[in-house]
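# Remarks on the overall topology
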Number of protein chains: 2
Amino acid sequence: MSYPKKTTIGLFDSGVGGLTVLRALIDRIPDVNYLYFGDTARLPYGSKSAETVAHYAVGAIRYLEEQGADLLVIACNTATALAFKEIEAATKFQVIGVVEPGAQAATAASTTRNVVVIGTEATVGSHAYRVALETRGVSAREKACPLLVPLVEEGWVDHPVTEQVAQIYLSDVFGDQSDNADVLLLGCTHYPLLRPLLRRIVPEHIEIVDSAESTAETVAAVVGKAGTRLSQEVGARPLEPHLKFFATDSAEKFIRMGSRFLGLPVKDVTHVGLKE
Amino acid sequence: MSYPKKTTIGLFDSGVGGLTVLRALIDRIPDVNYLYFGDTARLPYGSKSAETVAHYAVGAIRYLEEQGADLLVIACNTATALAFKEIEAATKFQVIGVVEPGAQAATAASTTRNVVVIGTEATVGSHAYRVALETRGVSAREKACPLLVPLVEEGWVDHPVTEQVAQIYLSDVFGDQSDNADVLLLGCTHYPLLRPLLRRIVPEHIEIVDSAESTAETVAAVVGKAGTRLSQEVGARPLEPHLKFFATDSAEKFIRMGSRFLGLPVKDVTHVGLKE
């Protein structure tokens, strides 16, 4: 597949969590167009069934295509884990999810070939990460942490309650050191905001890997391969990413929450009405 | 309005929380038909905008009508607070929400005419309870408690973390005793499951009132007024409520979560597909 000079990358997530992936992308490829679709009227996906998530995800991908996206990034672990095949089947463009890059990065980081994966109930229930890791000869233990997303959304990213909840979840998986896991893979796009807190409570020898970073690297490689990274323009003028956002719930709320996740001001947000 | 001999009460909620209202109804009116619609594919409503919630609620109400409901109960505080007028305008049948009965019960319980209301972000942001209480000459302080719903859904209804979170939220409103509040109104259908925990941390002189109970009383009065309470049949044979459930996400999950909220086995669940 060849990309036009100015690729338009369409990112999709249930809400604002995928903005951590967008941020990692902007840092690597500042000079393409980005469209970001947050299905905030129907979030969270993490507690929903595969059928429902696939249905929402395919609709969002079609919308991004209509808006001009020619490379699609599923910046949502639950949607990638539950609906990647359905999404791929629904589009002619290349689709990159977060699971394969995350599994790749965890594999590279693990010496003991033992990884712990945390994510939503749906992501963990799908065992998508375990399968992706086992394919690479790495064993995985998975742990659902349903309360971490609401705690991040409440803004309690460095709160004693969040620390206590994370400790309860992680003592289950790190209490028994018999299998020598040396990597913790953050299998949810909300979790990078908890990285400093998790670093404090996870044993020192455990490396923390997040799929936002590794997904951005994969996308950069794909775009770069087609010769469209306009890095020759660097130096001529500061590169300004072209960002456009779509949200199914209120635009105002997306702006408020989104800026925290993106670490940049979120401005151009269009509300997308749902027919049903 | 006159009700047929066998009224069909249609209850609507974003998920399983409204089953606490259904339970209170069954205890009072066991011998009518109940249809319960849980919009589990799009829950929670508590963090969403009024426009989105109204759109979902009207769709659900129309579905219940098609299934034969002739009296509608909005067993969801957020939907009542944000979309009651839109729902009323969309149906020819009588609609009963949870806010007015809740405000009525809190008014009756308060000697000092000062009430504290807790609920989701959307319910509190709408000030629907404050308005309903002020109309009755009662002052209200409202406090959003966004983490309580996920904690209940995680099953942590009697967990030290939940107690700590509730204490953080409630210390804001009960720390300052200057206004002499003597009632805590539970403005969310998930909260009755936290009643024992809340009882432990709320000052002793504060009465806890929940809108599930008071809504059921209102509905019983409405149905009774039309002469359709078949209480004359009591004693002839044990009354069996006719319960039928509809869920937009997986039926299996609804059965699992629902039984906890209803306190009865949830059996006859139909999955309702969403067109979008």
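Residues numbered from 1 in each chain as written. Chains lettered and ligands numbered in written order. Predicted model: local features only at pLDDT ≥ 70, side-chain atom pairs only at ≥ 80, totals over all residues. Heavy atoms only, no water.

### A closer look at the state of the cysteines
Evaluated as defined, the whole model comprises zero disulfides over all chains. Here Cys188(A) is not disulfide-linked; the sulfur of Cys76(A) is the nearest cysteine sulfur, at 7.7 Å. Here Cys145(B) is not cross-linked by a disulfide; its sulfur's nearest cysteine counterpart is in Cys188(B), at 9.1 Å. The exposure class of Cys145(B) is buried, given its relative accessible area of 1%. (Disulfide = S-S within 2.5 Å. Buried < 20%, exposed > 50% of the residue type's maximum accessible area, 1.4 Å probe, protein only.)

### Section: the interface of chain A and chain B
Listed as interface residues are 35 residues of chain A and, on the opposing side, 34 residues of chain B. Between chain A and chain B, the buried area comes to about 2800 Å², and carbon and sulfur atoms account for 51% of it. Along the contact surface separating chain A from chain B lie two salt bridges. A salt bridge links Lys253(B) to Glu121(A); the nearest nitrogen and oxygen atoms lie 3.8 Å apart. Inspection of the region where chain A meets chain B yields 15 residue pairs in polar contact (both at pLDDT 80 or more). (Contact = heavy atoms within 4.5 Å. Buried area = accessible area lost by both parts, 1.4 Å probe. Salt bridge = Lys/Arg side-chain N within 4 Å of Asp/Glu carboxyl O. Polar contact = N/O pair within 3.5 Å; in protein donor to acceptor, adjacent residues only side chain to side chain.)

### Here's the deal with the domain arrangement of chain A
Residues and elements named next belong to chain A. Taken domain by domain, chain A holds domain 1 (8–97 + 214–271) and domain 2 (99–211). One C-alpha centre belongs to domain 1, the other to domain 2, and the line joining them spans 22 Å. On the domain 2 side, the residues contacting the 25 residues of domain 1 number 22 residues. Summing both sides of the interface, domain 1 and domain 2 together bury roughly 1600 Å²; the carbon and sulfur share of this comes to 57%. Here domain 1 and domain 2 share 12 residue pairs in polar contact (both at pLDDT 80 or more) between them. Looking at the side of domain 1 that touches domain 2, the elements with two or more residues in it are helix H1 (19–28), helix H3 (77–89), helix H10 (211–225) and helix H11 (251–262). When its residues are assigned to classes, the side of domain 1 that touches domain 2 shows 10 nonpolar, 12 polar and three charged. (Domains from an automatic or database assignment. Helix = DSSP H or I, 4+ residues; strand = E, 2+ residues; numbered from the N terminus. Nonpolar A, V, L, I, M, F, W, Y, C, P; charged D, E, K, R; others polar.)

### A word on the relation of the copies chain A and chain B
The pair of chain copies shares a relation made of a rotation about an axis and a shift along it. For the pair chain A and chain B, the relating rotation is 180 degrees, the translation along its axis is 0.0 Å, and the fit reaches an RMSD of 0.0 Å. The transformation just described matches what one would write down for a two-fold rotation axis. Ranked by how close their C-alpha atoms come to the rotation axis, the residues of chain A are headed by Arg42(A), at 2.2 Å. Most of the interface of chain A is mirrored in chain B, where 97% of its interface residues again form contacts. (Least-squares fit on C-alpha atoms with pLDDT ≥ 70 in both.)

### Digging into the sheet that holds strand S7 (residues 183–186) of chain A
All names here are of chain A. Overall, parallel pairing links the four strands, which are arranged S6-S5-S7-S8 in an open sheet. Unpaired on one side and paired on the other, strand S6 (139–144) and strand S8 (207–210) mark the two borders of the sheet. When the angles between neighbouring strand axes are averaged without regard to direction, this sheet yields 25 degrees. Here four bridges tie strand S5 (residues 114–119) to S7, and the two strands are oriented parallel to one another. Bridge pairing in S7 links Val116 to Leu184. Strands S5, S7 and S8 of the sheet are contacted by helix H4 (residues 99–109), whose axis makes an angle of about 165 degrees with S7. Sheet contacts for helix H8 (residues 160–174): S5, S6 and S7; angle to S6, the most-contacted strand, approximately 155 degrees. (Pairing = 2+ DSSP bridges. Axes fitted to C-alpha atoms, helices over the stretch in contact; angles between N-to-C directions.)

### Re the packing of aromatic side chains
In total, this model carries 18 aromatic pairs over all chains according to the counting rule given. Between Trp156(A) and Tyr169(B) the ring centres are 6.0 Å apart and the planes differ by 40 degrees, which places this aromatic pair in the tilted class. With Trp156(A) in the loop between helix H7 (148–153) and H8 and Tyr169(B) in helix H8 (residues 160–174), this pair bridges two chains. Of the two residues, Trp156(A) and Tyr169(B), neither departs from the other in class, the shared state being buried. Lying across the ring of Tyr56(A), Arg42(A) places its NZ or CZ 3.9 Å from the centre. (Phe/Tyr/Trp six-rings, centres within 6.5 Å; stacked < 30°, edge-to-face > 60°. Lys NZ or Arg CZ within 6 Å of the ring centre and 35° of its normal.)

### Considering the sheet that holds strand S7 (residues 183–186) of chain B
All names here are of chain B. With parallel pairing, four strands are arranged side by side in an open sheet as S6-S5-S7-S8. The strands lining the two open edges of the sheet, one partner per strand, are strand S6 (139–144) and strand S8 (207–210). Taken pair by pair, the neighbouring strands of this sheet meet at an average axis angle of 25 degrees, ignoring direction. By the bridge criterion, six bridges tie strand S5 (residues 114–119) to S6 in an arrangement that is parallel. Within S6, the position partnered with Val116 by the bridge is Arg141. Across the face of the sheet, H8 comes into contact with S5, S6 and S7 while running at roughly 155 degrees to S6.

### Quick word on unusual backbone geometry
Leu43(A) connects to Pro44(A) through a cis peptide bond whose omega is -10 degrees. Note on placement: Pro44(A) falls in the loop between strand S2 (33–38) and helix H2 (50–66). In this model, His127(A) sits at a positive phi of 55 degrees, which is unusual for a non-glycine residue. One non-glycine residue, Arg113(B), adopts positive backbone phi at about 60 degrees. The exposure class assigned to Arg113(B) is partly exposed, which follows from its relative accessible area of 35%.

### Focus on H8(B)
Over its 15 residues, H8(B) extends 20 Å from the first C-alpha to the last, a length consistent with the 21 Å expected when each residue adds 1.5 Å. If you look at H8(B), its biggest bend is around 25 degrees, right at Ile168(B). Buried residues of H8(B): Val161(B), Thr162(B), Val165(B), Ala166(B), Tyr169(B), Leu170(B), Val173(B) and Phe174(B), and no others. Where H8(B) is buried, its residues touch H8 of chain A together with S5, S6, helix H7 (148–153), S7 and helix H9 (195–201) of chain B. (Expected span 1.5 Å × (residues − 1). Bend = angle between axes of the 7 residues up to and from the residue.)

### Here we look at the side chain of Thr215(A)
Counting through the fold element by element, Thr215(A) comes out in helix H10. When near neighbours in sequence (up to four residues on either side) are disregarded, Thr215(A) contacts Val21(A), Val73(A), Ile96(A), Gly97(A), Val98(A) and Pro101(A).

### Points about the pattern of salt bridges
Under the definition given, this model contains 26 salt bridges over all chains. One salt bridge in this structure joins Asp158(A) and Arg200(A), with 2.8 Å as the shortest N-O distance. Of the two residues, Asp158(A) sits in the loop between H7 and H8 while Arg200(A) sits in helix H9 (residues 195–201), which places them 42 residues apart along the sequence. Looking at Asp158(A), the relative accessible area reads 54%, which means it is exposed. For Arg200(A), a relative accessible area of 47% gives the class partly exposed. The shortest N-O distance in the salt bridge between Glu163(B) and Arg200(B) comes to 2.8 Å. Pair noted here: Glu163(B) is in helix H8 and Arg200(B) is in helix H9, with a separation of 37 residues, a long-range link. Owing to a relative accessible area of 21%, Glu163(B) belongs among the partly exposed residues under this scheme. Each of the salt bridges in this network shares a partner with another, and the network as a whole consists of Arg28(A), Glu213(A) and Glu217(A).

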